Amino acid sequence: MKFLTHLDLSGNNVEGGIPSSVGKLCNLEYVDISSNKLDGTLPEILQGAHNCLSSLQSLDFSNLFEGPIPCPTYTTRLLDLSNNKFFGPIPSDIGDYDRLKVIDLSKNNLSGKIPLSLGQLTHLQILHLSDNNLSGEIPETFRNLSSLETLDLGKNRLTGKIPQWIGGGFESLEILNLRSNSFSGELPSSLSNLSSLQILDVSGNHGVIPENISNLTQLESLDFSSNRLSGPIPQSFGSLSFLQYLNLSNNDFSGKIPYKDHMTTFEAPSFAGNPRLCGPPLVVTCPGDNKDGNSSKGGTSIGHHDSFVDNWFPLSVGLGFAAGLLVPFLVMAITKSWGDAYFGLVNKVFERIALFTYRMRRATP
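Rules of the game
Residues numbered from 1 in each chain as written. Predicted model: local features only at pLDDT ≥ 70, side-chain atom pairs only at ≥ 80, totals over all residues. Heavy atoms only, no water. Salt bridge = Lys/Arg side-chain N within 4 Å of Asp/Glu carboxyl O. Buried < 20%, exposed > 50% of the residue type's maximum accessible area, 1.4 Å probe, protein only. Helix = DSSP H or I, 4+ residues; strand = E, 2+ residues; numbered from the N terminus. Pairing = 2+ DSSP bridges. Core = buried A, V, L, I, M, F, W, Y, C linked by side-chain atoms within 4.5 Å. Contact = heavy atoms within 4.5 Å.

A.B. asks: Help me understand the pattern of salt bridges, please; the structure alone is not making it clear to me.
C.D. replies: Pairs can form between side chains of opposite charge once their charged atoms are near each other. Summed over all chains, the structure comprises four salt bridges. The partner of Arg 143 in a salt bridge is Glu 140, with the nearest N and O atoms 2.9 Å apart. For Arg 143, a relative accessible area of 41% corresponds to the partly exposed category. The residue Arg 179 makes a salt bridge to Asp 223 at a minimum N-O spacing of 3.4 Å. Taken as a pair, Arg 179 in the loop between β15 (175–177) and β16 (199–201) and Asp 223 in strand β17 (residues 221–223) lie far apart in primary sequence, 44 residues in all. Accessibility classification places Arg 179 together with Asp 223 in one group, the buried group. Linked by salt bridges that have partners in common, Arg 179, Asp 201 and Asp 223 make up one network.

Here's what the structure looks like:
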């Protein structure tokens, strides 16, 4: 087996640790032992570039490993250590491994600040650091990552403002996830410059929706939920014709929902938890819209039966339609945790799509 270049043991429920003899397979280029039940710490021979594994390009170790984050080799392009129990800070010298194109350290117990050296990885295309305990601000060095297609920093403890520069220089950025952090201040208007963006999730933060958000013509998923957003929903939302998922729930929006054009494809749960919103698809009527067009009161009996049928039929249809919208709306409004679970599930679907995409890409070095 000394000439083995590809090792794939993924998804086999293998338990225990990794034998140190794996580190003697000096011709290995791709290693995938993900989706097993492997645990413990990684053998020292698999850590760092000081071993014979100088040809490694792809490492997928998603299991139950623990300990500090191991460094890759200098030839590594894909580093996936997600869904483990690694702890401590991200190594400060991670930026020295300049061939890295994909880094996934999500769903671990990492802490500390995001190292500035990550900004040196100018070939980096995908960066997943979500579901950890990382703190501090988004490093300004990230503005050098002009090749980024996915930036996922969700569910950490990041603070400060979402920087204005995040909307410049990322011509290829398709996925931006900053959800469930502790950012403050307004959402930067420069977000509308990310012309390739398809998924934008800044839920669980604070800010105001930029009026020119309609410039993001490629958007397929937009989540602004559970912020403290106020004011009217921009009229330009209706022009986002590719949008498939919209969540504006649990904010402080006010006024009439611009329910026209593409916005008519979304139902009440997308707007739940905004007590000052009104108009379709909510059952809350806007002031001035409740006009009683009934002129039969006091009229003659001629055609009374036909008039009753004509008036009752649209009323019954309307009641049925309203009931269909009212039930999910009440569920979302009364039981916030149910609404969070529903939209969380949808978010996981989009995350799985992104994960599948980059796993397919890694097959082509």
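After presenting the structure, the write-up continues.
A.B. asks: When you look at the sheet that holds strand β21 (residues 276–278) in this model, what are you seeing that I'm missing?
C.D. replies: Hydrogen bonds between backbone atoms are what pair the strands of a sheet, whose relative direction is either parallel or antiparallel. If you walk across this open sheet you meet the three strands as β18-β20-β21, and the pairing is parallel. Edge positions in the open sheet fall to β18 (230–231) and β21, since each of these has one partner strand only. As defined by bridge partners, strand β20 (residues 252–256) adjoins β21 across three bridges and the pair is classed as parallel. Each bridged residue has a counterpart across the sheet, and for Gly 255 the counterpart in β21 is Leu 277.

A.B. asks: Help me understand the nonpolar core in this model?
C.D. replies: Phe 142, Ile 166, Leu 176, Leu 200, Phe 224 and Phe 271 are the most contacted members of the largest nonpolar core, which has 74 residues in total. In contact with Phe 271, not counting residues within four places along its chain, are Ile 233, Leu 246, Leu 248, Ser 249, Ile 257, Met 263, Phe 266, Leu 277, Pro 281 and Leu 282.

A.B. asks: Please clarify how the pairing of strand β6 (residues 64–67) should be interpreted in this entry.
C.D. replies: Walk down a regular strand and you will see the side chains alternate between the two sheet faces. In β6, alternate side chains face the same way, and those of Phe 65 and Gly 67 are buried while those of Leu 64 and Glu 66 on the opposite face are not. Where β6 lies against strand β8 (residues 85–88), two bridges are found, and the strand directions are parallel. Directly across from Glu 66, in β8, lies its bridge partner Lys 85.

A.B. asks: Quick question: what am I supposed to make of the environment of Leu 42 here?
C.D. replies: Within the secondary structure layout, Leu 42 lies in the loop between β4 (37–40) and β5 (58–60). Residue classification places Leu 42 among the buried residues on the basis of a relative accessible area of 5%. Considered as a pair, Leu 42 and Gly 67 are 25 residues apart in the sequence and their alpha carbons are 8.2 Å apart.

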